[in-house]
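Each chain is listed here by its residues.
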Amino acid sequence: MLKTLSIENIAVIEKAQIEFDNGLNVLTGETGAGKSIVVDSINAILGERASRELVRHGSDFAFVSALFEDISENVKSRLEELGYAAEEDDSLLLTRKITEAGKSACKINGVPATVSILKEIGQLLVNIHGQHDSQSLLNPDLHYQFVDMMSDNHEIFSDYKESFHKLISVRRRLKALADDEEDKDRVLELLEYQIKELEEADIQPNEKTELLKKKKLMESSEAMLLALNHASLALSGDDEFDGASTLVSSAAKEFSSAVTLSDGAEKVLSKLNDISEEMEEVKDLISSEISSFEFDEHEREQVEERLDLLYRLSLKYGNTEQEMLAFLENAREKRNAVLFNDEELEKLTIQYDVLLDEVMKKAQRLSDYRKKLAKTFEENVKEQLEFLDMPKIKFIVHFEKGNLSSNGFDKIEFLISTNPGEPAKPLAKIASGGELSRIMLAIKNVIVHNDTIGTLIFDEIDTGVSGRASRKIGLKLKAVSKETQVITVTHSAQIASAADKHFLIQKDFDNNKTYTKVSSLDFEGRKKELARIMGGLNVTATLLRSAEEMLLADLE
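Thresholds, definitions, all that
Residues numbered from 1 in each chain as written. Predicted model: local features only at pLDDT ≥ 70, side-chain atom pairs only at ≥ 80, totals over all residues. Heavy atoms only, no water. Axes fitted to C-alpha atoms, helices over the stretch in contact; angles between N-to-C directions. Helix = DSSP H or I, 4+ residues; strand = E, 2+ residues; numbered from the N terminus. Parallel < 35°, antiparallel > 145°, perpendicular 65-115°, else oblique. Contact = heavy atoms within 4.5 Å. Nonpolar A, V, L, I, M, F, W, Y, C, P; charged D, E, K, R; others polar. Pairing = 2+ DSSP bridges. Buried < 20%, exposed > 50% of the residue type's maximum accessible area, 1.4 Å probe, protein only. Arc of directions from axis to C-beta. Left-handed = near helix turned anticlockwise from the far one by under 90°.

So, about the packing of helix α2 (residues 73-81) against helix α3 (residues 115-125). Contact geometry for α2 and α3: axes closest at 9 Å, N-to-C directions at 170 degrees. Put simply, α2 runs roughly antiparallel to α3. In contact with N74, V75, R78 and L79 of α2, α3 contributes E120, I121, L124 and L125. Split by residue class, the contact of α2 with α3 holds five nonpolar, one polar and two charged.

What follows is the structure in structure tokens.
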């Protein structure tokens, strides 16, 4: 239910806060006082179109907020689907700010939202019915919902929906297979190429890691062998130059050929001979190390080629060997699926035909059940309309067979005839605003126990009706308000007297500015307002006594 409505800088309302009650809330006031502005504000917070003309003259923005309490489970469920959440106490705060430029900023429990999301949630919270309102009664696509609300058997609806969704699932798979059939040759050619390329590669798990280790070892071995060969060349020399060993040996020979040697020369010769011998030993060690060293240049090339292949394949089929092998397995499965496409297509076609037959039978069962509900619905609505002084109206729930949908194949539309002898026509085309409101009130009385909408608003439902009819409308509004919060704007004392809470909309003038204020009336205030409604400007003692009697009668 709508608990608190806060309005700021909307039209002639500078600031107002309205605290609604659970039952029947009535708004009255002189013509032009601003009653419609309250309804416009509620429309704005429910995501309806709001222009910059709503912004009070001289203000930069208009602001409206609505606090809802005890929201229903379907509202909470839809909020979660849209990424929002109710408060722990099941309350919900909607806010909307409209700038002078006409831009809107909306929030749901403080979280930014779009106007469209606000509207979607708003439709689950409030139904507004006024002379220019075009909600659910004017949309034949929604009429089936009113009939369905007559039912206490939810299983028949859920059973049908379950079968219908299975049918849709099979139809989607059939379409996918049919699309695949058109591209069968192209798909097969690509899959065969991918499978062949991966199979020929003969990829092994963790192969790349092992190859990288081997490559690193080979690179180290190559560097070591190169160092040994350079060392051997430096010691032994080649055809172009003598190595260190030869040069040391030559130096020793020079000293040994001397006729006489000094003590110092003998020491030099001894050292040279020692160095020469050690160099020979080093040469032997290097030669032995080189001969024992195993290095295969061809093998290194093979390792590098393999790594290059794995790299190229990884660009197409996955970063790791496991991913590439998984791609291969998936490609094989796809190939088999394409090859056996005709067989699968045949199986799904049979399954679809079986499901279609099942869904059609359940849709017919649902339609038959709806027609029984519709008969009771028609009778109850007619009874309510007769009470509301519309005895000559003919109300018909018209059925046509349409396309299958998640709601069956019924095309349901409400038809009415307001004059005897005239054929019934679509309600949306011939009902006036006042008639629509009374028809909705009649329907709400019929389905109130199963309706999930928490707040129902009627804008001037009494337009064009007599005092006797107004009294009956007031009684019906009161009856509906026992189950659903009702807010109504009225010019009728008979309706206003039935209120659980009565608000007066008044226009004041101050410093050449116009202001509208909203006040909650006590018993005396209500009595004066009812007398004003009945007598206009001339409020007499007789009118006040009549007003008091009306209030006391409704309190009994």
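Here the narrative resumes.
Sheet strands pair via backbone hydrogen bonds, and the direction of the pair is either parallel or antiparallel. Read from one edge to the other, the open sheet built from three strands follows the order β9-β10-β11, with strand pairing classed as antiparallel. What marks the edges here is a single partner per strand, and that holds for β9 (394-405) and β11 (425-426).

Even without a glycine there, the phi angle at N109 is positive, about 50 degrees. Residue N109 is classed as buried on the basis of its relative accessible area, which comes to 19%. Despite not being glycine, N206 shows a phi value in the positive range, around 60 degrees. Mapped onto the elements, N206 comes out in the loop between α6 (184-201) and α7 (207-236). You can call N206 partly exposed: its relative accessible area is 45%.

So, about the sheet that holds strand β1 (residues 2-10). The strand order across the open sheet formed by six strands is β2-β1-β4-β5-β6-β7, and the pairing between neighbours is antiparallel. Of all the strands in the sheet, the pair left with one neighbour each is β2 (13-19) and β7 (111-113). Neighbour-to-neighbour, the strand axes of this sheet turn through a mean angle of 15 degrees, independent of strand direction. Contacting β4 (61-68), β5 (92-99), β6 (104-108) and β7, α3 runs over the sheet at an angle of about 50 degrees to β6.

Count 3.6 residues to each turn of an α-helix, and residues three or four apart come out pointing the same way. Of all the positions in α3, only I117, L118, I121, G122 and L125 are classed as buried. Along the axis of α3, the buried residues cluster in a sector spanning 135 degrees; they form a single face.

The next thing to look at is the environment of V539. Topologically, V539 is positioned in the loop between α17 (523-535) and α18 (541-555). For V539, the contacting residues outside a window of four places in its chain are A531, R532 and L544.

Interhelical geometry of helix α10 (residues 297-317) versus helix α11 (residues 321-339) gives an angle of 55 degrees and a closest axis separation of 10 Å. Relative to α11, the element α10 lies oblique. You can see that α10 and α11 cross each other, and the crossing is left-handed. The residues of α11 that touch α10, namely those facing L310, L313, S314, K316 and Y317, are E323, M324 and F327. Within the contact of α10 with α11, the residues separate by chemical class into five nonpolar, one polar and two charged.

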